[in-house]
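Here's the letter readout for the chains.
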Amino acid sequence: MRLFVLLLCGCWLLQPSISHAWQTSQEDAAATQARIDAIARELQRRQSAMQQRAKQLSLTERELQQLETQMGAVASELATTQQQLRTTNAEINDLLQQQQELEAEQAQQAKWLGEQLDRAYRIGEHDFLKLVLNQENPAEFERLHGYYGYFNRARLVKLEELQTTQAELEQVRVDLDSARQQLVAQEAEQKRQQGILLEQQKEQKALVRRLNQEQREDQSRIAELERDQQELEEVLAAIIAALRDEPQLNGLAELKGKMSWPVNGQVQRLFGRVRSGTVKWKGVTIEAATGSAINAIADGRVIYANWMRGYGLLLVLDHGNGYMSLYGHNQTILPAVGDVVRRGEEIARVGQSGGRETPGLYFEIRADGQPVNPTQWCR
């Protein structure tokens, strides 16, 4: 009864701290949802013009959008399967190590028992019955009787240890067999997913070739580029309007010239150069292998993750104080809108979505909505 009363008192004392932690968590969740809702409201005010342009998507562009969205999902599943394979392989390595140690222990125990049995035979333990029957020297009988008793007890202990080791070894072998079966299943799943992704990539290339042919036949290519950039500008303007004051992120000013490029590859220093007509490059393209990891250049929050014409699967990070970074043509996007990512964390994988003929990453940095040269910020 006394213990029950103490437990009740302890729960009553802890209640305010639990309530405060729950309230803080609720407030954080509400604040995050409020920022997401603000983005949605700002985009909704501009939705009319964006919907009008969406109606102008060609059939090929619609097919490409649907396919690349599906490819992003398959690539994400493949990444999960690959992580499971690494975990299973690590488990198998641990079990093999346990098996090796137990087999060595079993061999040592068997060797000890063999030596003891051999020693017992050599000293004449088989004549113990003769000693009992003769009883010529009671003191000698008591001494040898105690010795044989101790020897037999020690042998029984070792036999029990050997049986325990054998049981543990058998369980490890069962676990190892199960892990290997799991590995076979995971490898089969990986092969299936890789096959699906390969077929989708072939279909993607065919669609890109068809799209490029359509675009070459279209005399208003410059107008399309201007329209694509205008759509991106509207999205970014909506984001800036909704997230002007981000209290948890400190921007990029102190990191200028110190940040790493988001992906390892050949940087095409295109910033400021004419792209076509009056359209200029506002970022850089980094040539990299399909599926290469794309990492966040700094701490940030995902504020846009969707397919956009001209940029494919596009990811936008807000870094606070008016700074943003953009990552286009992705194969897949890993975090969701609203997620917080850390500097160096993998956020996407290199692809060629949005009509690119070769894999690569389109990368921009924005300060208060204006593009800045990424080569002055990353090294």
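Cut-offs used in this document
- Residues numbered from 1 in each chain as written.
- Predicted model: local features only at pLDDT ≥ 70, side-chain atom pairs only at ≥ 80, totals over all residues.
- Heavy atoms only, no water.
- Helix = DSSP H or I, 4+ residues; strand = E, 2+ residues; numbered from the N terminus.
- Buried < 20%, exposed > 50% of the residue type's maximum accessible area, 1.4 Å probe, protein only.
- Areas by Shrake-Rupley, 256 points an atom, 1.4 Å probe, with all protein chains shown as cover.
- Salt bridge = Lys/Arg side-chain N within 4 Å of Asp/Glu carboxyl O.
- Phe/Tyr/Trp six-rings, centres within 6.5 Å; stacked < 30°, edge-to-face > 60°.
- Lys NZ or Arg CZ within 6 Å of the ring centre and 35° of its normal.
- Core = buried A, V, L, I, M, F, W, Y, C linked by side-chain atoms within 4.5 Å.
- Contact = heavy atoms within 4.5 Å.
- Pairing = 2+ DSSP bridges.

(A) Spotlight on the overall build of the protein. From N to C terminus, the protein includes 6 helices and 12 strands. Counting every position in the protein, which comprises 379 residues, the buried fraction comes to 38%. For the protein, the computed accessible surface area is about 22,000 Å², with 51% contributed by carbon and sulfur atoms.

(B) Representation of the pattern of salt bridges. Using the criterion set out here, one finds 9 salt bridges in the structure. Arg192 serves as the salt-bridge partner of Glu189, at 2.7 Å between the closest nitrogen and oxygen. Here Glu189 and its partner Arg192 are both found in helix 5 (residues 138-217), 3 residues apart, which amounts to about one turn of the helix. Overall, Glu189 belongs to the partly exposed group, its relative accessible area being 29%. Taking relative accessible area as the criterion, Arg192 reaches 42% and is therefore assigned partly exposed. Here Glu364 and Arg366 are joined by a salt bridge, their closest N and O atoms 2.8 Å apart. Across this residue pair, the class does not change: Glu364 and Arg366 are buried.

(C) Region of the structure containing the packing of aromatic side chains. Applying the stated criterion across every chain yields a total of 5 aromatic pairs. When the ring of Trp261 is compared with that of Phe363, the centres are 6.2 Å apart and the planes differ by 75°; the resulting orientation is edge-to-face. Remark: Phe363 occurs in strand 11 (residues 360-367) and Trp261 occurs in the loop between helix 6 (221-242) and strand 1 (266-268); sequence separation between them is 102 residues. Ring plane angle 45° and centroid distance 6.0 Å describe the contact between Trp281 and Tyr362, whose orientation is recorded as tilted. Taken together, the residues span a long stretch of sequence, with Trp281 in the loop between strand 3 (279-280) and strand 4 (284-287) and Tyr362 in strand 11 at a distance of 81 residues. Judged by its relative accessible area of 4%, Tyr362 is buried. Across the ring face of Trp281, the terminal group of Arg275 is positioned such that the distance to the ring centre comes to 4.5 Å.

(D) Layout of the nonpolar core. Within the largest apolar cluster, 31 residues are counted, with the highest numbers of intra-cluster contacts made by Tyr327, Ile347, Phe363 and Ile365. Counting residues per element, the ones that place at least two in this core are strand 4, strand 6 (300-308), strand 7 (312-320), strand 8 (323-333), strand 10 (346-350) and strand 11. The element best represented in this core is strand 11, accounting for 4 residues. Among residues more than four places away in sequence, those in contact with Ile347 are Ile294, Asn295, Ala296, Leu315, Leu317, Tyr327, Ile333, Leu334, Pro335 and Val341. Of all hydrophobic cores here, the second largest spans 15 residues; its members include Leu232, Ile239, Leu270 and Ile303.

(E) Spatial organisation of the pairing of strand 6. Burial runs high along strand 6: 7 of the 9 residues are buried. For strand 6 and strand 7, the ladder comprises 7 bridges, and the chain directions are antiparallel. Bridge pairing links Ala305 to Leu315 in strand 7. The antiparallel pairing of strand 6 with strand 7 creates a hairpin that spans 3 residues between the two strands, and Gly310 there sits at a positive phi of about 90°.

(F) Structural context of the environment of Gln370. For Gln370, the position within the fold is in strand 12 (residues 370-372). Here Gln370 falls in the exposed class, since its relative accessible area comes to 53%. Residues Gln370 and Tyr323, spaced 47 residues apart in sequence, show a C-alpha to C-alpha distance of 9.2 Å.

(G) Just unusual backbone geometry, in detail. Phi at His329 is positive, roughly 65°, even though this residue is not glycine. Positionally, His329 belongs in strand 8. In this model, Asp368 sits at a positive phi of 55°, which is unusual for a non-glycine residue. Its place among the elements puts Asp368 in the loop between strand 11 and strand 12. Judged by its relative accessible area of 59%, Asp368 falls in the exposed class.

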